[in-house]
Amino acid sequence: MFKIKEFTVETIADPFKILVGDRYEFIMDLEVEEDDELFHDEGVILRVIYVVDEGTEKIVKHEFQTGDAGKYIDFEMEDDELEMVAAFCKVNFA
């Protein structure tokens, strides 16, 4: 399990109105324990795309990256982590 230390959130612009709903990009700086398989010495960043559309709110994409160079980390969130991040996004998107 990880903890969110810091985050930024920005609205993703859709000037052509092709996408349905509002999209937000979260960049989260994570605290990961050393014995966790996700741990990297450089730190770990979680990038999340969160969609809000007519009462539906959900994560449509997420990816882990190293904190220094932003290299992709091939790792999936567990169900409890996904629920925790979705709840975090719900509270912090606006």
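For the structure, see preceding data.
For every chain, the first residue of the written sequence is number 1, and numbering continues from 1 onward in sequence order. Owing to the predicted nature of the model, reporting of local features is limited to residues with pLDDT of at least 70; listing and counting of side-chain atom pairs is limited to 80 or more, with chain, interface and lining totals taken over all residues. The side-chain figures draw on all heavy atoms in the structure; neither hydrogens nor water molecules are used.

Caption draft 1: How the structure looks around the packing of aromatic side chains. For this analysis, a ring pair means two rings from Phe, Tyr or Trp (six-membered ring only for Trp) whose centres lie within 6.5 Å, classed as stacked if their planes differ by under 30 degrees, edge-to-face if by over 60, and tilted for the remaining angles. The final tally for this structure, using the stated rule, is eight aromatic pairs. Each ring, one from Tyr24 and one from Phe93, has its centre 5.1 Å from the other, and the planes form 50 degrees; the classification is tilted. Of this pair, Tyr24 sits in strand 2 (residues 22–32) while Phe93 sits in the segment after helix 1 (79–92); the two residues are 69 residues apart in sequence, bridging distant segments of the chain. For every residue, the accessible area (1.4 Å probe, protein chains only) is compared with the maximum for its type, and the residue is labelled buried under 20%, exposed over 50%, or partly exposed between those bounds. You can call Tyr24 buried: its relative accessible area is 11%. Starting at the N terminus, helices and strands are each numbered in turn, a helix being any DSSP run of H or I of at least four residues and a strand any DSSP run of E of at least two.

Caption draft 2: Molecular detail of the pattern of salt bridges. The term salt bridge refers to a side-chain nitrogen of Lys or Arg lying within 4 Å of a carboxyl oxygen of Asp or Glu. Counted according to the given criterion, the structure contains four salt bridges. Residue Lys5 pairs with Asp29 through a salt bridge whose shortest N-O separation is 3.9 Å. Here Asp29 lies in strand 2 and Lys5 lies in strand 1 (residues 2–12), a separation of 24 residues in the sequence. For Asp29, a relative accessible area of 23% puts it in the partly exposed group. Glu63 is the salt-bridge partner of Arg47, the closest N and O atoms lying 3.6 Å from each other. You can see Arg47 sitting in strand 3 (residues 44–53) and its partner Glu63 sitting in strand 4 (residues 56–66), a full 16 residues away along the chain. The network of salt bridges with common partners includes Glu25, Arg47 and Glu63.

Caption draft 3: Quick look at the nonpolar core. Only buried residues count toward a nonpolar core, which is a set of Ala, Val, Leu, Ile, Met, Phe, Trp, Tyr and Cys residues joined through side-chain atoms within 4.5 Å. Counting residues in each nonpolar core, the largest one holds 21 residues, and the members touching the most others are Phe2, Phe26, Met28, Leu46, Phe64 and Val85. Put simply, the parts of the chain that give this core at least two residues each are strand 2, strand 3, strand 4 and helix 1. Two residues qualify as a contact provided that any one of their heavy atoms is within 4.5 Å of a heavy atom in the partner residue. Once residues within four sequence positions are removed from consideration, Met28 is found in contact with Ile4, Glu6, Phe7, Val44, Ile45, Leu46, Val48, Val85, Phe88 and Cys89.

Caption draft 4: View of the pairing of strand 3. Taking burial as the measure, the 10 residues of strand 3 include eight buried ones, the bulk of the element. When DSSP finds two or more bridges between a pair of strands, those strands are recorded as paired. Across nine bridges, strand 2 lies against strand 3 in antiparallel orientation. If you follow Tyr24 over to strand 3, its bridge partner there is Tyr50. Note: strand 3 against strand 4, 10 bridges, orientation antiparallel. Counterpart to Val44 in the pairing with strand 4 is Thr66.

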